[in-house]
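Chain by chain, the residues run as shown.
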Amino acid sequence: MGGATAANQYEGGYLSGGKGLSLADVITSGDQKTPRKVTFKTPDGKIGSRERNEPLPEGAKAYVIPDQYYPSHVATDFYHHWEEDIALFAEMGFNSFRFSINWARVCPKGTKELNEEGLIFYDKVIDELLKYNIEPVVTLNHFDMPTYLADEYDGWSSREVIDFYTFFCKILFKRYKGKVKYWMTFNEINILRSWSQLGIHSNDPQTLFQAKHHVFVASAKAVQIGKKINPDFQIGMMVCYILNYPRDCKPANILESLQFNREMEFYMDVQVKGYYPSYKLKAFDREGIVIKKEPEDDELLKIGTVDYIGFSYYMSSVSDVDAKESDIVIGNQMKVTKNPYLEISDWGWAIDPTGLRVALSKIYDRYQAPLFIVENGLGAYDKVKEDGAIYDDYRIQYFKKHIKEMHDAIILDGVDLIGYTPWGCIDLVSAGTGEMDKRYGFIHVDLDNDGNGDMSRSRKKSFDWYKQVIESNGTKL
Ligand code: P53
């Protein structure tokens, strides 16, 4: 049990110590009403911005607009607070900590040019974790790509990027061979899309799925390389799991729900079973999508299957083919049908602890692979009292209920659950909205949506509560 973060939302130091620019560094902040935007320069020198998931003009390159606020640039400044933060994690009793290694900090352009200073930063972080017996869990790619690869190669649409990515992985596998055992190749592989995450300028399905094929091959190759360096490595995949229910017993809703769930299962099928499932191949045929493969790709996917399934779990969703406008709630840019049995968070996410037990069983039944809940938690507006205290009882309640279901999945269903790292164990920038107001932490960071604050850390009420949960291995809730 521990906590989870990601470099682009937590680290800051966006150009410090030789780090190159990442796509995450050209995404603006936003909130529930203001969508985040990406900023760029077109080949004729015009500066522009577009909503994050819109296609980009051809040849547009990442560009940082002076005076524009970008939350990743300083984020919650792990870059300068790592010692203090890790000490706080240790105080809570963490025995694992998930973080991501920023590609552009290690390879500023994403190519085979190394930045030793960037590696030294991660040496310090990993050694500090080990000092407290905290197992480092490393995400190799969490929503960040060096801008150079997007600018010069159109990101993952180019096969060359596979080689760049596996070079980066190999450096880390070798360097941390005896120090890091748990790795994850790509964060939330199922929701990767568009320029901001994949570096692709066009969003047409052909480009998208060709890029995703390259991501699959890159992951499989990384697994193969990693296992050669240390056969004890546990290299996992990571999927954003949003359990879906049919609205009722109407057969069309059951089918719709099946299809929704397949959008997640597709990624697990490829990465756990090692091949493209028939329903996806048929869909590609119907949609005229032709994946260009090299002769070795199918074999690579088979060999490079993962050791465990990591997934995020925040909410469930509902399929209803007859959904009326009034049944729909907006949950983080996603339109979802309201589930009348569930409460929603302030961001419209349906809180569903029972769904976690269902998800664990469903995934385990289908794949029989170890499972790792690498993200879970409640994004909420926290109020700081005059004396600095934060009484986040809503967060404690959320965790209590989810941990109880985890317990039942292990004890009553026999699910092989290997770990639990709640998201944003210390406050960090929201990926969806780019704001600070949506907080997940047991530890508060003094920073607001516009970048004001002194970055001081403080313990919320949930800090002591979670400490006691870890101490009792989840039995004292
Ligand atoms: P935020 C959407 C739906 C579920 C999970 O999200 C998601 C997203 C993308 O926003 O992302 C994961 O910050 C992701 C983290 C992210 C976390 O969930 O929008 O792996 O980077 O911060 C929570 O509240």
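Please refer to the structure higher up on the page.
Residues numbered from 1 in each chain as written. Predicted model: local features only at pLDDT ≥ 70, side-chain atom pairs only at ≥ 80, totals over all residues. Heavy atoms only, no water.

Colleague: Please set out the sheet that holds strand E4 (residues 61–62) residue by residue, giving values where relevant.
Modeller: By way of backbone hydrogen bonds, the strands of a sheet pair with one another, either parallel or antiparallel. In spatial order, the strands read E3-E2-E4; together these three strands make up an open sheet with antiparallel pairing. Strand pairing shows two members of the sheet lacking a second neighbour, strand E3 (47–51) and E4, which therefore form its edges. Alignment of strand E2 (residues 37–41) against E3, held across five bridges, turns out to be antiparallel. Bridging from a neighbouring strand, Lys41 pairs with Ile47 of E3. (Pairing = 2+ DSSP bridges. Helix = DSSP H or I, 4+ residues; strand = E, 2+ residues; numbered from the N terminus.)

Colleague: I'd like a description of the layout of surface pockets, backed by residues and values.
Modeller: Looking at the second largest pocket, its volume works out to about 380 Å³. For the second largest pocket, the lining is made up of 19 residues, of which Met1, Leu417, Ile418, Gly419 and Asn473 are closest to its centre. For the lining of the second largest pocket, the secondary structure elements donating two or more residues are strand E6 (135–139), helix H13 (393–411) and strand E13 (417–420). Looking at side-chain class alone, the lining of the second largest pocket contains 11 nonpolar, seven polar and one charged residues. (1 Å grid on protein atoms, 1.4 Å probe; cavity = no way out; pocket = protein on both sides within 12 Å on 5 of 7 lines; lining within 4 Å. Points joined across faces, edges and corners; volume = space filled by probe spheres on them. Nonpolar A, V, L, I, M, F, W, Y, C, P; charged D, E, K, R; others polar.)

Colleague: Break down the pairing of strand E8 (residues 234–246) for me, with residues and values.
Modeller: The buried fraction of E8 amounts to 10 of the 13 residues, a majority that puts the element mostly inside the structure. Pairing of strand E7 (residues 182–184) with E8, which is carried by three bridges, proceeds in the parallel orientation. The partner of Met184 across the bridge, within E8, is Gly236. Taken together, the 10 bridges between E8 and strand E9 (residues 308–319) define a ladder with parallel strand orientation. Bridge pairing links Val239 to Phe311 in E9. (Buried < 20%, exposed > 50% of the residue type's maximum accessible area, 1.4 Å probe, protein only.)

Colleague: Quick rundown of the nonpolar core? Include the residues and the values.
Modeller: Residues Phe89 and Trp156 are the most contacted members of the largest nonpolar core, which totals 137 residues. At 11 residues, the largest contribution of residues to this core is made by helix H8 (residues 205–229). Counting residues in each nonpolar core, the second largest holds seven residues, with Val137, Met184, Tyr308 and Val374 among its members. (Core = buried A, V, L, I, M, F, W, Y, C linked by side-chain atoms within 4.5 Å.)

Colleague: Pulling in residues and values, what's your account of the site of the ligand?
Modeller: Contacts to the ligand come from 17 residues, most closely from Glu375, Ala431, Gly432, Lys438 and Tyr440. Within the contact set of the ligand, an oxygen atom lies 2.8 Å away from a side-chain nitrogen or oxygen of Gln9. Across the complex, the protein chains shield 94% of the 480 Å² of accessible surface that the ligand would expose by itself. (Near = heavy atom within 4 Å. Polar contact = N/O pair within 3.5 Å; in protein donor to acceptor, adjacent residues only side chain to side chain. Areas by Shrake-Rupley, 256 points an atom, 1.4 Å probe, with all protein chains shown as cover.)

Colleague: Residue-level account of a nonpolar patch on the surface, with values.
Modeller: The grouping of Ile410, Ile411 and Leu412 at the surface amounts to a nonpolar patch, some 300 Å² of accessible area in total. Summarising the element assignment, Ile411 is placed in helix H13. Assessed through its relative accessible area of 57%, Ile411 is described here as exposed. (Patch = residues over 30% accessible without salt bridge, like charges linked within 9 Å, V, L, I, M, F, W, Y side chains within 5 Å. Salt bridge = Lys/Arg side-chain N within 4 Å of Asp/Glu carboxyl O.)

Colleague: Run through helix H10 (residues 278–287), naming residues and quoting values.
Modeller: By the burial criterion, the buried members of H10 are Tyr279, Lys280, Ala283 and Phe284. Seen from one end, H10 has its buried residues packed into an arc of 140°, which puts them on one side. The outward face of H10, more than 90 degrees from its buried face, is lined by the exposed residues Ser278, Lys282, Asp285 and Arg286. Tucked inside the fold, the buried residues of H10 contact H8, helix H9 (251–273) and helix H12 (353–367). Following H10 by one or two positions, Gly288 adopts a phi angle in the positive range, close to 70°. (Arc of directions from axis to C-beta. Contact = heavy atoms within 4.5 Å.)

Colleague: Now, about the pattern of salt bridges: what can you tell me, with residues and values included?
Modeller: Opposite charge on two side chains lets them pair, provided their charged atoms get close. Under the counting rule described, the total for this entry stands at 30 salt bridges. The partner of Asp85 in a salt bridge is Arg457, with the nearest N and O atoms 2.8 Å apart. A residue pair is termed long-range when its members are at least 10 positions apart, and Asp85 in helix H2 (residues 78–92) and Arg457 in strand E15 (residues 457–459) qualify at 372 residues. A salt bridge links Arg439 to Asp427; the nearest nitrogen and oxygen atoms lie 2.6 Å apart. Of this pair, Arg439 sits in the loop between E13 and strand E14 (443–445) while Asp427 sits in the loop between E13 and E14, and the two are 12 residues apart along the sequence. A relative accessible area of 7% means that Arg439 is categorised as buried. For Asp427, a relative accessible area of 0% translates into the label buried. Within this structure, Asp382, Asp392, Arg395, Asp427, Arg439 and Lys460 form a network of salt bridges that share partners.

Colleague: Provide a residue-level description of the sheet that holds E9, including the pertinent values.
Modeller: Sheet architecture is open: eight strands sit in the order E1-E5-E6-E7-E8-E9-E12-E13, paired in parallel fashion. In this open sheet, the two strands that pair with only one neighbour each are strand E1 (2–4) and E13. Averaged over all pairs of adjacent strands, the angle between their axes in this sheet comes to 30°, without regard to strand direction. Of the strand pairs in this sheet, strand E12 (residues 371–375) and E13 are connected by three bridges, and their pairing is parallel. Paired with Phe372 across the strands is Gly419, a residue of E13. Here helix H4 (residues 116–131) sits on the sheet in contact with strand E5 (96–100) and E6, set at roughly 170° to E5. (Axes fitted to C-alpha atoms, helices over the stretch in contact; angles between N-to-C directions.)

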